[in-house]
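Next come the chains, spelled out residue by residue.
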Amino acid sequence: MKCSFCERDAIINIRYNGTHLCKEHFNRFLERRVRLEFRNQLIIEKPIKIVVALSGGKDSSVALYLTKKILGKRRDVEVEAVTIDEGIGGYRNLTLEAAKKLTEQLKVKHEVVSFKDKFGITIDEISKNGQLLPCSYCGVFRRKSINDASIELDADYVVTGLNLDDSVQTVIMNMARGDLDRLERLGPHFKRKDGMIPRLQPLRKIPEREVLIYAIVNNIPFSHAECPYASDAIRNEFREAVDKWEERTPGTKFAILNSFDEIRNLLYSREDKKEIKRCKICGAPSAGEICKSCSMLMDLKV
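An account of the accompanying structure is given in this report. (Residues numbered from 1 in each chain as written. Predicted model: local features only at pLDDT ≥ 70, side-chain atom pairs only at ≥ 80, totals over all residues. Heavy atoms only, no water.)

1. Considerations on the packing of aromatic side chains
This model, assessed by the stated rule, comprises 7 aromatic pairs. Measuring from centroid to centroid gives 5.9 Å for Phe115 and Phe141, while their planes differ by 85 degrees, and the two rings are edge-to-face. With a gap of 26 residues between them, Phe115 in helix H4 (residues 115-119) and Phe141 in helix H6 (residues 134-152) connect regions that are remote in the sequence. You can call Phe115 buried: its relative accessible area is 1%. The buried category is assigned to Phe141, whose relative accessible area is 0%. (Phe/Tyr/Trp six-rings, centres within 6.5 Å; stacked < 30°, edge-to-face > 60°. Helix = DSSP H or I, 4+ residues; strand = E, 2+ residues; numbered from the N terminus. Buried < 20%, exposed > 50% of the residue type's maximum accessible area, 1.4 Å probe, protein only.)

Listed below in structure tokens is the structure:
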């Protein structure tokens, strides 16, 4: 199959817009959308530092690669990377190796923060005695670790690698639970809150399949390893449902995300009425007297 815009062989069929693209046109197509997201999400009024949350998987690796490519040449933007080591044997060591290889290739400063050092416990240890699924603890501790590390690095923004599929699954999951509080907190963040570094999501409108192909054709180092605990996550059920909708009606994922974006201002107005407290234990912003992270650590008796 030939590219829709030239005589080169196509490497991908974009079903939702009916085009076949060669490597060159595919790169242009994807990078143009990422540039637009940066323009829409990022405000640069002074020299800033951006920290990329780098797991070593395809999404965060592509996010770092494109952040560096698009913004790295600007004198008023500094780019660094932070990797969280949750302590998952046979998995995190592989992704850490890929993350280090990429940061060395891009000449980006790279910090590693471990759960063991920060919380005194690993996810492998939690899996043996925690009352909840490991993913429940991991998500909360990862978010806190990334935010705390970004504050220590004096960052202005945090870039995450959430792609279109991730974003849509998260929206649907929180709607299914009726969890408006979590919907309010979803990135990208257009308002700054004391104690919280705003998150940028430049890949939020890039399908997961396109992120993978971009990483492969551009030789971006990343790990194919899968977390051994991921198979138990309820997100898998939502992923399967959304993928079926997309297969039947291409463009469904974009429609869901665009609909969510239309109601964001309503959620913001609801959020503005809430009082943000400080956790009595760690001092982090919290909806209650004790933040979720510290509450979980208390339950684990750490």
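2. Details of the pairing of strand S4 (residues 77-85)
Counting buried residues in S4 gives 7 out of 9 residues, a clear majority hidden from the surface. Sheet topology places strand S3 (residues 48-53) next to S4; 6 bridges connect them, and they run parallel. Within S4, the position partnered with Val51 by the bridge is Glu80. Where S4 and strand S5 (residues 109-114) come together, 6 bridges link them in parallel fashion. Each residue of the ladder has a partner; that of Thr83, found in S5, is Val112. Taken together, S4, helix H3 (residues 92-106) and S5 form a β-α-β motif whose crossover is right-handed. (Pairing = 2+ DSSP bridges. Right-handed = clockwise from strand over helix to strand, strands pointing away.)

3. Brief notes about the nonpolar core
Ile50, Leu64 and Leu66 are the most contacted members of the largest nonpolar core, which totals 38 residues. Where this core is concerned, the elements lending two or more residues are strand S1 (12-14), helix H1 (23-41), S3, helix H2 (58-71), S4, H3, strand S6 (157-159) and helix H9 (208-217). The biggest single contributor to this core is H2, with 7 residues. Setting aside residues up to four positions removed in sequence, Ile50 forms contacts with Leu42, Thr67, Leu71, Val77, Glu78, Val79, Glu80, Tyr157 and Val159. Grouped together as the second largest cluster of nonpolar side chains are 26 residues, Val82, Tyr137, Ala149 and Tyr229 included. (Core = buried A, V, L, I, M, F, W, Y, C linked by side-chain atoms within 4.5 Å. Contact = heavy atoms within 4.5 Å.)

4. Concerning the pattern of salt bridges
Two side chains that carry opposite charge are able to pair once their charged atoms sit near each other. Counting across every chain of the model gives 23 salt bridges. When the shortest N-O distance is used, the salt bridge between Asp9 and Lys2 registers 3.0 Å. Note on Asp9: relative accessible area 52%, which makes it exposed. The salt bridge involving Glu208 is made with Lys58; its shortest N-O contact spans 2.9 Å. Within this pair, whereas Glu208 is found in helix H9, its partner Lys58 is found in helix H2, the two being separated by 150 residues in sequence. Of the residues examined, Lys58 reaches a relative accessible area of 16% and is grouped as buried. In this structure, a network of salt bridges that share partners links the residues Arg8, Glu24 and Arg28. (Salt bridge = Lys/Arg side-chain N within 4 Å of Asp/Glu carboxyl O.)

5. Some remarks on the state of the cysteines
Applying the stated criterion across every chain, the model contains 0 disulfides. Residue Cys3 stays outside any disulfide, its sulfur separated by 3.8 Å from that of Cys6, the closest cysteine. Cys291 provides the cysteine sulfur closest to Cys294, a residue in no disulfide bond, and the two sulfurs are 3.6 Å apart. Residue classification places Cys294 among the buried positions, given a relative accessible area of 7%. (Disulfide = S-S within 2.5 Å.)

6. Focus: a nonpolar patch on the surface
A cluster of nonpolar side chains, namely Met175, Ile263 and Leu266, defines an oily patch on the protein surface of about 280 Å² accessible area. By the element assignment, Ile263 lies in helix H11 (residues 252-271). What makes Ile263 partly exposed here is its relative accessible area of 31%. (Patch = residues over 30% accessible without salt bridge, like charges linked within 9 Å, V, L, I, M, F, W, Y side chains within 5 Å. Areas by Shrake-Rupley, 256 points an atom, 1.4 Å probe, with all protein chains shown as cover.)

7. Quick word on the packing of H2 against H3
Orientation of H2 relative to H3, taken along the N-to-C sense of each, is 10 degrees, at an axis distance of 11 Å. Classified by the angle their axes make, H2 and H3 are roughly parallel. Contacts between H2 and H3 involve Ser61, Leu64, Tyr65 and Lys68 from the first element and Leu102, Thr103 and Leu106 from the second. Split by residue class, the contact of H2 with H3 holds 4 nonpolar, 2 polar and 1 charged. (Axes fitted to C-alpha atoms, helices over the stretch in contact; angles between N-to-C directions. Parallel < 35°, antiparallel > 145°, perpendicular 65-115°, else oblique. Nonpolar A, V, L, I, M, F, W, Y, C, P; charged D, E, K, R; others polar.)

8. Quick look at the packing of H1 against H2
Where H1 contacts H2, the two axes come as close as 11 Å, and the packing angle between them is 75 degrees. Put simply, H1 runs roughly perpendicular to H2. Where H1 abuts H2, its residues Leu30, Glu31, Val34, Arg35 and Phe38 lie against Leu66, Thr67, Lys69, Ile70 and Leu71.

9. Let's talk about the environment of Ile50
The residue Ile50 is located in strand S3 in this model. In this structure the C-alpha to C-alpha distance between Ile50 and Thr67, which are 17 residues apart in sequence, comes to 8.8 Å.

10. Remarks on helix H10 (residues 235-248)
Taking 1.5 Å per residue as the helical rise, H10 with its 14 residues ought to reach 20 Å, and the 20 Å between its terminal C-alpha atoms agrees with that figure. Inspection of H10 places Phe238, Val242 and Glu246 among the buried residues, and these make up the whole buried set. Seen along its axis, H10 keeps its buried residues to an arc of 70 degrees; they face one direction. Of the exposed residues in H10, the ones pointing more than 90 degrees away from its buried face are Glu237, Glu240, Lys244, Glu247 and Arg248. (Expected span 1.5 Å × (residues − 1). Arc of directions from axis to C-beta.)

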